[in-house]
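Letter by letter, the chains look like this.
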Amino acid sequence: MLNERLQKFYEEQLEELTIDDIRIAFKKELITIKELIMLYLKRIAEFDKGENGVNAILEINPEAIQLAEALDMERKESGFRSSLHGIPVLIKDNLATADKLHTSAGSLALAESYAMKDSFLVKQLREAGAIIIGKANMTEWANFMTENMKNGYSSRGGQVLNPYGPGIDCGGSSSGSAAGIAANLAMVAIGTETSGSILSPASQNSVVGVKPTVGLLSRSGIIPISITQDTAGPITRTVKDAALLLNALVAQDPSDPVTKTNHELTEFNFTSSLEKDTLQGSRIGIAREGIFENISEEEQLIMEEAIQKLKDLGAEVIDSVVVKTMDAPWSMDVMLFEFKTALNSYLHEYASTTSPKTLADIIQFNRLEPSTRLKYGQTILEKSELSSGTLTEPAYLHALTFDYTNSKEKGIDLTLAENNLDAIVYPNNLGAAIPAKAGYPSITVPAGYTSEGHPVGITFTSKAYSEPMLLKLAYAYEQATMKRKAPKLE
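Now for a look at the structure at hand. (Residues numbered from 1 in each chain as written. Predicted model: local features only at pLDDT ≥ 70, side-chain atom pairs only at ≥ 80, totals over all residues. Heavy atoms only, no water.)

**Some details on the packing of aromatic side chains**
Moving on, step 1. Throughout the structure, instances matching the rule amount to 9 aromatic pairs.
Moving on, step 2. Plain terms: the ring middles of Trp141 and Phe339 are 6.5 Å apart, the flat faces sit at 80° to each other, and that makes the pair edge-to-face. Of this pair, Trp141 sits in the loop between strand 3 (131-136) and strand 4 (153-154) while Phe339 sits in helix 10 (residues 333-349), placing them 198 residues apart in sequence.
Moving on, step 3. Residue class for Trp141 comes out buried when judged on its relative accessible area of 2%.
Moving on, step 4. Assessed through its relative accessible area of 0%, Phe339 is described here as buried.
Moving on, step 5. An aromatic cluster is built from Trp141, Phe144 and Phe339, whose rings are joined through pairwise contacts.
Moving on, step 6. Positioned above the aromatic ring of Phe80, the side-chain terminus of Arg23 is 4.6 Å from the ring centre.
Moving on, step 7. When the ring centre of Tyr10 is taken as reference, the NZ or CZ atom of Lys42 above it lies at 5.1 Å. (Phe/Tyr/Trp six-rings, centres within 6.5 Å; stacked < 30°, edge-to-face > 60°. Helix = DSSP H or I, 4+ residues; strand = E, 2+ residues; numbered from the N terminus. Buried < 20%, exposed > 50% of the residue type's maximum accessible area, 1.4 Å probe, protein only. Lys NZ or Arg CZ within 6 Å of the ring centre and 35° of its normal.)

What follows is the structure in structure tokens.
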């Protein structure tokens, strides 16, 4: 039972709380960090499991309340460490945590695996004073296990459900991270993306998702798919909360050499990009061809309204922009070859000593009990295992250079340059594949809902390390429209 003060806070203020809101509440002593964590645990108990539960949470951190007590004491003695001091964060179950939480990528093969050390991003979160409240369910192996696996399903955690209603796709593979934040089961979350895995669930669950430039955030200690495409990123209810999360996460990691390319943003304050109604002079291209025909007429109307709002805010909109390489003969080859190499390396460096140590071990483990471990099969795992693991195959090297050239020089870079654009816009994650292969950043923001309650997102994409500009565009749009509505949970 909550006392009257906490019950009132729970009922009247917790619903769409932002980081700024909770910092004010802390300073006014309306609530302590420990009390905040307990309120979120209560909310998880009420809305995550059971008949109508979201099933976004795979595991709760048993030390969350104790960490909160320690951070309360620290705040009284020496103040806040950062904007994230005492903030409950939900992290996708492919980020290693050297604590009492497992790290499994949703797989029963790693269900009993404790990481031997923290991932770099988890260290950053801990140093900022954030509290990892739990691990989020996800599409198993980040949806790189088999064809036709249902978004949000894992053999370890079961099916994530969209809080906006039955039958609405929850998106993948950071499904639990997005559904958990949409349902307000934590304040912010971390997801990961190789191709659409932040943008898809964020747009499907009406939250903000930031897929950063590959190199902005460290990948060390994240169960991988692709050495060239993987990245982690924020999933939040507001653009500003995403910016605050980036402030804590961006750093150069000696173990991840690509982060040495982010030096201009290492000390950048991402909230400095956030200004209302400041799109005057921005040039935004709308990617229609091959994309808009894949959404319903109602979703198209929502996008047209969003595009008009960009114009109203002062942006110059260049319609029907085409990325010339959209129809190029793209393939999964880079991911298929890189997965085995990257995963085996992770398992040897981070997974507990009793865990499987190779992709071959995992495939064999799954075969032993196919009824529980292989609901949708493991065809992609098996295809990747056929590679040498040395990345010497000509097919891989040809695919790698093809992807780099056609996604960057002949793709996004050329499209931006020829049209003198700041960004390209498309619905949901339908234009995510080419920026993903380029390792370029995108941000999606709620744009509205269909008559049946299906969320629709508007996504902004641009060149490498353009996060400040993309945040500016997304924030101006968000603040002018305020389209997000909290789901009605039972």
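**Focus on the pattern of salt bridges**
Moving on, step 1. Tallied over the full model, the rule gives 26 salt bridges.
Moving on, step 2. Close ionic contact of Lys100 with Glu63 constitutes a salt bridge, the shortest N to O distance being 2.9 Å. Within this pair, whereas Lys100 is found in the loop between strand 2 (88-92) and helix 5 (120-128), its partner Glu63 is found in the loop between strand 1 (57-60) and helix 4 (64-78), the two being separated by 37 residues in sequence.
Moving on, step 3. With a relative accessible area of 48%, Lys100 lands in the partly exposed category.
Moving on, step 4. A salt bridge links Lys117 to Glu349; its shortest N-O distance comes to 2.8 Å. (Salt bridge = Lys/Arg side-chain N within 4 Å of Asp/Glu carboxyl O.)

**Description of the nonpolar core**
Moving on, step 1. Ile22, Leu310, Ile443, Ile458 and Phe460 are the most contacted members of the largest nonpolar core, which totals 120 residues.
Moving on, step 2. Here this core gets 8 residues from one element, more than from any other, and that element is helix 8 (residues 239-249).
Moving on, step 3. Excluding its chain neighbours within four sequence positions, the residues that come into contact with Leu310 are Leu279, Ile284, Ala315, Val317, Val425, Ile458, Phe460 and Tyr477.
Moving on, step 4. In this structure, Met138, Trp141, Leu343 and Leu347 belong to the second largest nonpolar core, which totals 28 residues. (Core = buried A, V, L, I, M, F, W, Y, C linked by side-chain atoms within 4.5 Å. Contact = heavy atoms within 4.5 Å.)

**Some thoughts on helix 1 (residues 4-12)**
Counting along an α-helix, one turn takes 3.6 residues, and residues three or four places apart therefore face a common direction.
Moving on, step 1. The set of residues buried in helix 1 consists of Leu6, Phe9 and Tyr10. End-on view of helix 1: buried residues confined to an arc of 100°, all on one side of the axis. When the buried face of helix 1 is taken as reference, the exposed residues oriented beyond 90 degrees from it are Glu4, Glu11 and Glu12.
Moving on, step 2. Looking at the buried residues of helix 1, the elements they touch are helix 2 (19-27) and helix 3 (33-47).
Moving on, step 3. Two to three positions downstream of the cap, the backbone nitrogen of Arg5 sits 3.2 Å from a side-chain oxygen, assigning the N-cap of helix 1 to Asn3. (Arc of directions from axis to C-beta. Polar contact = N/O pair within 3.5 Å; in protein donor to acceptor, adjacent residues only side chain to side chain.)

**Here we look at helix 10**
Moving on, step 1. In this model, helix 10 (17 residues) spans 25 Å end to end at C-alpha, consistent with the 24 Å of a helix rising 1.5 Å per residue.
Moving on, step 2. At Phe339, helix 10 shows its largest bend, some 35°.
Moving on, step 3. Judged by how many residues are buried, helix 10 sits mostly within the fold: 12 of 17 residues are covered.
Moving on, step 4. Contacts from the buried residues of helix 10 go to helix 11 (359-368), helix 13 (379-385) and helix 14 (394-418). (Expected span 1.5 Å × (residues − 1). Bend = angle between axes of the 7 residues up to and from the residue.)

**So, the sheet that holds strand 11 (residues 423-427)**
Moving on, step 1. Taken in spatial order, the 11 strands line up as 1-3-2-6-8-7-12-13-11-9-10 in an open sheet, and their pairing is mixed. At either margin of the open sheet sits one strand with a lone partner, and together these are strand 1 and strand 10 (316-318). Each neighbouring strand pair of the sheet contributes to a mean axis angle of 30°, computed without reference to strand direction.
Moving on, step 2. Note: strand 7 (residues 208-211) against strand 12 (residues 442-449), 3 bridges, orientation antiparallel. Counterpart to Lys211 in the pairing with strand 12 is Ser442. (Pairing = 2+ DSSP bridges. Axes fitted to C-alpha atoms, helices over the stretch in contact; angles between N-to-C directions.)

**Brief notes about the packing of helix 1 against helix 3**
Moving on, step 1. The interhelical angle for the contact between helix 1 and helix 3, taken along N-to-C directions, is 60°, at an axis separation of 11 Å. The orientation of helix 1 relative to helix 3 falls into the category oblique. Of the two possible hands of crossing, helix 1 and helix 3 adopt the one that is right-handed. Across the interface between the two elements, Arg5, Leu6, Gln7, Phe9 and Tyr10 from helix 1 touch Glu35, Leu39, Lys42, Arg43, Glu46 and Phe47 from helix 3.
Moving on, step 2. Here the residues of the contact of helix 1 with helix 3 are counted per class, giving 5 nonpolar, 1 polar and 5 charged. (Parallel < 35°, antiparallel > 145°, perpendicular 65-115°, else oblique. Left-handed = near helix turned anticlockwise from the far one by under 90°. Nonpolar A, V, L, I, M, F, W, Y, C, P; charged D, E, K, R; others polar.)

**Points about unusual backbone geometry**
Moving on, step 1. Here the amide bond leading from Gly172 into Ser173 is cis, since omega sits at 5°, within 30 degrees of zero.
Moving on, step 2. Following the sequence through the fold, Ser173 ends up in the loop between strand 5 (158-159) and helix 6 (175-182).
Moving on, step 3. Notably, Leu391 is not glycine yet its phi reads approximately 60°, a positive angle.
Moving on, step 4. Within the element layout of this structure, Leu391 appears in the loop between helix 13 and helix 14.

**Some words on the pairing of strand 3**
Moving on, step 1. Most of strand 3 sits out of view: 6 of its 6 residues are buried.
Moving on, step 2. Relative to strand 3, strand 1 runs antiparallel, the two sharing 3 bridges. Residue pairing in the sheet places Ile60 in a bridge with Gly134 of strand 3.
Moving on, step 3. Summarising the sheet, strand 2 and strand 3 pair through 5 bridges and their orientation is parallel. Among the inter-strand pairings, Pro88 is bridged to a residue of strand 3, identified as Ile131.

**Some thoughts on the environment of Ile291**
Moving on, step 1. Along the chain, Ile291 turns up in the loop between strand 9 (283-286) and helix 9 (297-312).
Moving on, step 2. Placed 136 residues apart in sequence, Ile291 and Pro427 show a C-alpha to C-alpha distance of 7.9 Å.
Moving on, step 3. Sequence-distant contacts of Ile291, that is, excluding residues within four places in its chain, are made with Met326, Tyr426, Pro427, Leu430 and Gly431.

**Concerning the side chain of Asp403**
Moving on, step 1. Among the structural elements, Asp403 can be located in helix 14.
Moving on, step 2. A polar contact of 3.1 Å, which involves the side chain of Asp403, links it to the side chain of Lys437.
Moving on, step 3. Excluding residues that lie within four positions of it along the chain, Asp403 makes contacts with Trp330, Val334, Lys408 and Lys437.

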